[in-house]
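Breakdown of the fold
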Amino acid sequence: MRGGSAEMAKKALLIGVSKYDRAHDRALSPLPAATNDVEAMYRVLIAPDLGGFDQVKVLADPDCQSMKDEIETLFTGCSQDDLVLLFFSGHGLKDEKNQLYFATRITRKNAKGGLSRSTAVPAQFIHEIMAYSRARQQAIILDCCFSGAFDPALQAKDDGSFDLQGQLGAEGRVVLASSNATQYSCEHKRAGLSIYTRHLIEGIETGAGDLNQDGQVSILELHEYATKKVQEDISDVTPKLVIVKDKGWEDEGWEIILSKTRAKGDQSPDTKKQEIDLGEVLLESRSEEDTAYNAIPSLLLPLKPLIERLIEQLKNYCFSHSRSGDVSSAVTTGDTLELIRLASNADWVFLMSQSEGQNSWQLKAQSRLSREIDSGDYTEMLKAEVLASIASESVFMAGHHGTYRIVYDETTEAAKAFILIPLDSSDDPEFIGVCGLSKDSHYLNDACTKIITSFYSAAQCFHAYPHWQPSRVEASILDDLKRDHGFLPLSFYNRRFELFCDRLSQIVIYFEPILDLRKVAITGWEALARDPLSLRAPVDLFEAAELWGSRFIVQLDMQLLKLAATSYRQAGLNARRNRRVNEIIPLSVNVYPESLMRPAYFKAVREITTPDRDGYTLLPSDSLVLEISEKADLPAYQDGVRLKFPLEAFKAKLIQYVRELRIQFGIDDFGVGYASVSRLAGLRPPHVKIDREILHQQQAEIIIRFVREIVTKSSELHLAKIVVEGLDEQSPITLHQLHKLGVAYAQGYIIGKAEPKIYRLTSEKRKFLIRSIQVDPMED
């Protein structure tokens, strides 16, 4: 190490971006591993017997400005002999000029479908900040996948390379990257740790990264070790190392030492393990009398009463307001805080908001004060011992759901806990204070604070959505716990399924027409689920199904299939009475790939399409098209066994449906989610729906022609049916353009909105559509 000053400090900033704001376009997929990478790196760098860093700051899911501020603070606050490390795990992006950017929580598209540069941090900014830093030992570690480019036109021209050295390299600086191009797939960052980071951590913790066995792990040794291990896992990925050697680098043997290795005495002794040989063991099927074994209890289970009390308080509130004649039942912020106080047995609950442009905070809303509390004494205690002595950085610390302090209350002669919980659902910094809990309360954990913030956020929806019910709030709490903790107690899972089924039972079916551009007639309908109160798609049901897994997904698809078939039959009877429709034309029903692999769904399809003893068929098989959602991946397991070739197994299942039940399949939402050319060509479906998002791409016509060519070539035994959906009067592509592109079918508001009935086109509507198809609007 150059210099060897005793006053040298080791500083690091660890940035992980896993989540992206739902308020913006969700073009970037979440990367759960990113924040895991940061936590693991923090653990080894801060350890005195390993990294021994003096200062390690973690920044999880920051916005653009926060990320820039922390990077600048890191490098400008250094002395000449300091070692400074910047670690980033998340999405890397390129613009049309091949300039690198690093995604933040708010990164999104611009109006033209490209990267909105103001929402991401450019590599040039980091380069310039580091160039002005006094620190001579600078290192950057990037665990990025640069596959997040937005614009398909750019991806088509992309040769997979980028000039990492030109954009981030400098004398005396080392840059490590998990890949040498755009080849590093985000699939390797889905869970656990990213592969590259995992091997970096492994090299430090085990000492395996100390290749020259000198008791120290240099950043160059560590990269060499991680590169070898990564390529053992993924042969076509080559991590990248950038060093611009300045004068004296090789002469002085200058090298950044990142960590020590643990002393041999600290490691486990290299002795032969004693092993137990159990032989072959058979696990018996559990009988009702078997009570010897129980499931390991969850630490979340004691919080179940809190959820129940919160919902019970909300129900009582709504009931009392409805009896008093206030039918809106809108819950105010103060009311919400009061419900939290009552459910948690707290002294007081309040909401603080930061004053605009200032470093001061104002009381925004509050609950009532517990009866036995003196407001004057309590106010003084709060200001002097709780709020005045805590920094806002402690409340909003990354990786924590809140902070607390134990304060002795002289009035009650008891030690009490005061919890401060940051709100991540607000655009402006806010936090909730829950005051006066027992110091031994089991509410002093992050799951409890998550329950409180989830309840607060969901209860506020009563303002915007008066039709919301307390059950929706309870479902939101359980969903947030599921996202944060993964595995939940069985009672939580069963309760969520109960809420899910209850919500599902309220759904109705609407029908949206599919237009044949050649006949200018309705030749099919798509069944769409609708909330009967808002008349919008029940997005919460789809999100819950994808979050909670197979049981929810299959229940959703079976229920909607049966409801769609029944509603379609009734709509047809009503139409015939009105002498408007005399034949049954195909009905398209969406389905997740997971459901199609399940025997229960196969049975449901057979019951609907097979005549009963009286010859009655709810929906003839030739009138049913199952549209496979591209927003979900193909199942990786069947009957508990991992599939070696998921696409082949899925295709075989579809063939069984076609051969035994004589139904048709289509691909829905092509262009989003898990849509891929290989999946399209591999399944060879007779129907393909191009998602409305494609219409807003700059190269939409090229994409449509490409899909049409792929489908036509892969569907030699049947006439392929391509449907472009989402058309309205503001769509950038017109019916005339689609007709010229050879697309025969279209769907959207311009043809007809979804309704609970089916019908034929009126003469006026048909004339309008004929003109729209035949006449170019630019020439009209």
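So, how was this worked out
Residues numbered from 1 in each chain as written. Predicted model: local features only at pLDDT ≥ 70, side-chain atom pairs only at ≥ 80, totals over all residues. Heavy atoms only, no water. Buried < 20%, exposed > 50% of the residue type's maximum accessible area, 1.4 Å probe, protein only. Helix = DSSP H or I, 4+ residues; strand = E, 2+ residues; numbered from the N terminus. Pairing = 2+ DSSP bridges. Expected span 1.5 Å × (residues − 1). Axes fitted to C-alpha atoms, helices over the stretch in contact; angles between N-to-C directions. Parallel < 35°, antiparallel > 145°, perpendicular 65-115°, else oblique. Left-handed = near helix turned anticlockwise from the far one by under 90°. Contact = heavy atoms within 4.5 Å. Nonpolar A, V, L, I, M, F, W, Y, C, P; charged D, E, K, R; others polar.

Some points on the pairing of strand β4 (residues 100-103)
- Burial of β4 is two-sided: the residues L100 and F102 facing one way and the residues Y101 and A103 facing the other way are all buried.
- Where strand β3 (residues 83-94) lies against β4, three bridges are found, and the strand directions are antiparallel. What sits directly across from L93, in β4, is Y101.
- Hairpin geometry of β3 and β4 is characterised by an intervening segment of five residues between the two adjacent antiparallel strands and by a positive phi of about 65° at N98.
- Bridge count for β4 against strand β5 (residues 120-122) is three bridges, and the pairing is antiparallel. Across the sheet, the residue bridging to Y101 is P122, located in β5.

Let's talk about helix α10 (residues 333-344)
- Compared with the 16 Å implied by 1.5 Å per residue over 12 residues, the 17 Å span of α10 between its first and last C-alpha is a close match.
- Regarding α10, the residues found buried are T336, L337, E338, L339, I340, R341, A343 and S344.
- Positive backbone phi, at 60°, marks N345, one or two positions downstream of α10.

Describing the packing of helix α2 (residues 64-76) against helix α3 (residues 123-131)
- Closest axis-to-axis distance for the α2/α3 pair is 9 Å, and the angle between their directions is 20°. Here α3 runs roughly parallel to α2, going by the angle between their axes. Crossing hand, α2 versus α3: right-handed. For the pair formed by α2 and α3, the contact residues are K68, I71, E72 and F75 on the first element and F125, I126, I129 and M130 on the second.
- Looking at side-chain class alone, the contact of α2 with α3 contains six nonpolar, no polar and two charged residues.

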